[in-house]
Structure formats: C-alpha cells, structure tokens
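Below, each chain spelled out in residue letters.
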Amino acid sequence: MLRYLIPIGLFAALVGFFFVSLHRDKETLPSALIGKTAPAFHLSSVQDPTKQVGTSDFAGHPYVLNIWGSWCIGCREEHAVLLQIAKRNEVPLFGLNWKDERDAAQQWLQQLGNPYTESAFDPEGRAGIDWGAYGAPETFLVDANGTILHKHVAPMTMEIWEREFLPRLRQAGAQRQ
Amino acid sequence: MRKPPRRKSLLAQSLCGSLLALTLTLFMQFAHAIDTEAVFPDNPELRQRYDYLIHQLRCLQCRSETIADSNATLAADFRRQVRESLAAGKSNEEILKFMTDRYGDYVLYNPPFKPLTWLLWSAPVLLILIGGTCAGIVVVRRSHLPDNDSPDLNPDELDQGAS
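Criteria and thresholds
Residues numbered from 1 in each chain as written. Chains lettered and ligands numbered in written order. Predicted model: local features only at pLDDT ≥ 70, side-chain atom pairs only at ≥ 80, totals over all residues. Contact = placed C-beta atoms within 7 Å. Helix = DSSP H or I, 4+ residues; strand = E, 2+ residues; numbered from the N terminus. Nonpolar A, V, L, I, M, F, W, Y, C, P; charged D, E, K, R; others polar. Buried ≥ 20, exposed ≤ 12 C-beta atoms within 10 Å, placed from the backbone. Core = buried A, V, L, I, M, F, W, Y, C linked by C-beta atoms within 7 Å. Axes fitted to C-alpha atoms, helices over the stretch in contact; angles between N-to-C directions. Left-handed = near helix turned anticlockwise from the far one by under 90°. pLDDT = per-residue confidence, 0-100.

**As for the interface of chain B and chain A**
Size of an interface, as often reported, equals the accessible area lost when the parts are brought together.
1) Next: At the interface, 12 residues of chain B touch 11 residues of chain A.
2) Next: For the side of chain B that touches chain A, the elements supplying multiple residues, two or more each, are α3 (73-87) and α4 (92-103) of chain B.
3) Next: Split into classes, the residues belonging to the side of chain B that touches chain A amount to four nonpolar, five polar and three charged.

Below, the structure is given as structure tokens:
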C-alpha cells in the first residue's frame, strides 16, 4: 500500500507547489530597503533649476517619495490618484523625476496637474539606484525618523493607498506621540 | 536554351544568400559588444574586474540577462555604477554589497549560498543521492529474488510462450 501512496503523495505535493506558484507575484521584487534609513539626495528642483531639493527637507516629518517620469505609462495611469491623495493633505508627496528631460517633466506637471510639494530632477538616475528603483512608478513611505516603512511598485490606486499606506502612516504617527 | 538564365539566377541567389548571412553574422557580433570596449583601456586589472562584476549582476528590467548582456537603460546605469565604483577604488565585495543592499540578493546573477538557498544549491547532489539510493535498493532486492530462468521449462514450452 505504502509503495503506491508515496508516489501519489509526492505528486500531490508537486501539484500543490505548482498551483501556489501560479498565483505568486514574481514581478515585484521585495525591497531590501524597508526598515532601513532612506538614502539621502540633493538635486535641483524640476520646476526651478536654481533651487535645491532633497530628503533633508522632510527631516522630522513623514513623507511619500514617488518615482516618476514623463516617459512612464504607469505614472500617467496613477497620476489622478496622486492628485487625489495630495488633496487629502495626509502626508506630503515628494517626487523623484527619474531619467527624464526637464522640459518634458515640466510640461507633464503643467498639463496633468502637480500633486508633489516638490519634484527632484534626477536625469542620470543616480538617486533612483540609491533607492533601489528598477522601474517607475515606485512609491515609498518614509517615517519622521527617515526610515522606509513601505514600498509599492506599480501604479498607485486608492485601494492600495488605504490598505497599505494609510495604516502604516497612522501607526507611525501614533508611535511618536 | 532556357537553362543558362536559370543557372545565373541560382548563382545570384546563392550570392545574395551568402551576403545576407555575412551581414547577419556581423550584426550578431555587434550586439554583444555593448560598451565594454572603452572601459579602462589602460588598466587591464580593472578591466578584468569590471568584466567579472558586470557578469555577476542581473538586469532588473529584463530579469534573465546580466547587465553585461543587456541593452536596457537600467543595465547601462548599473554598469556606470560599477565603472565609477571601480575607479573610486572600491573592492569587488563592496561593489556587490552596494547593489544587494539596495536591490536584495536577486540582483546577483548567481544566488549566494546561504540558509535560504541551500536547498537550491544542494538539490542536484541530493537528487542524485536519492535516485542512487532508490536504484541501489531495487538492484539489491532483485538480486535476492529466486532465479527465474527456471530449468524445468523445455524449449517447446518457450516457443509456445513466444507465439
């Protein structure tokens, strides 16, 4: 009896493994930076080349870093959601304009609206690499101590904002008080 | 009288074919020389380390390629990162750690041997051991079975069995 049960059992285990793997998300990589200090950068502002903006502008305050580019289709997709989030005034949105051209980026903000308190201009993608970015859009939640709490790869939606970002933001705020 | 023109066109065809093949081969070679040529031309040691490192890192836009083989812009950024770190005097370990600190172990084209991956690395050896043990057990068991080439069958009966 056992000699039949063992192969059947092994086969069932394999089928189970494949079935679970079918539904696993293999595209999104786990971020190595969650729980670590957000990498600092100082770059010129997209809209005002003479102005320096950077992570230190948000020292002591939680913020959301959103990596975007005018070439990025997913960014266009999420833009309305970002505008909506900005309007709720829960947390400042800091933009990192990644591997883009200044003209195109400025035009984007003018035409589609600007959800960001500031956007840093990173044409060579160095700050992006420092943040472990491998595509756009990517959205990070950083707490008041400068620690990365969460990362979302792919366009932001209101559901994801409510489910993954808001609770962490509230929890981080509650812990400080 | 119709034959000579046909022969000509055959010759032309084969000429065209070889030309096409030649052109394609040229392109194949270009596709592989991304930007490694101009890197550290005066420093063979750094050049060699650069070659090694870009074959160790995965392009995260294309996933199945190293940054040495990929034309993706992210791969170009990673190569620039490696070049600049080498020029700044960083060691191979420091450069790879810079990448894994930011992108996790997945950025390494060869997964490192650690508790999480020991099953992955030892799977080939384990499978050979398991298979070998099973084969061994079967062989030993069979060798204990009574000899089946029973001498009490005479050639006539064998023929009947075969037919």
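**Quick notes on the environment of A:T157**
Residues and elements named next belong to chain A.
1) Next: Along the polypeptide, T157 turns up in the loop between β7 (148-153) and α5 (158-176).
2) Next: Take T157: there are 13 C-beta atoms within 10 Å of it, and that puts it in the partly exposed class.
3) Next: The sequence separation of T157 and I85 amounts to 72 residues, and the corresponding C-alpha distance is 9.7 Å.

**Examining the nonpolar core**
1) Next: A:V64 and A:L65 are the most contacted members of the largest nonpolar core, which has 55 residues in total.
2) Next: In contact with A:V64, other than residues within four places in its own chain, are A:V91, A:L93, A:F94, A:T139, A:F140 and A:L141.

**Some thoughts on the packing of helix α2 (residues 44-54) of chain B against α3(B)**
Residues and elements named next belong to chain B.
1) Next: Remark: α2 packs on α3, axes separated minimally by 10 Å, with the N-to-C direction vectors making an angle of 145°. Seen from above, α2 lies across α3 with right-handed handedness. Contacts between α2 and α3 involve L46, R49, Y50, L53 and I54 on the former and, on the latter, R79, V82, R83 and L86.
2) Next: The residue inventory of the contact of α2 with α3, partitioned by class, reads six nonpolar, no polar and three charged.

**A word on the confidence of the model for chain B**
Close inspection of predicted coordinates is inappropriate in any region flagged by low pLDDT.
Residue and element names in this part refer to chain B.
1) Next: Of all residues in chain B, 69% attain a pLDDT of 70 or more, and the chain-wide mean is 80.
2) Next: Within chain B, α4 carries the highest mean pLDDT (94), whereas helix α6 (residues 155-162) carries the lowest (55).
3) Next: Note on residues 1-5: pLDDT under 50 across the span, and zero contacts to partners over four residues away in sequence or across chains.
4) Next: Note that residues 29-33 has pLDDT below 50 and, in this model, zero contacts with residues that lie over four places away or in other chains.
5) Next: The complex prediction reports pTM at 0.74, with the ipTM value standing at 0.83.

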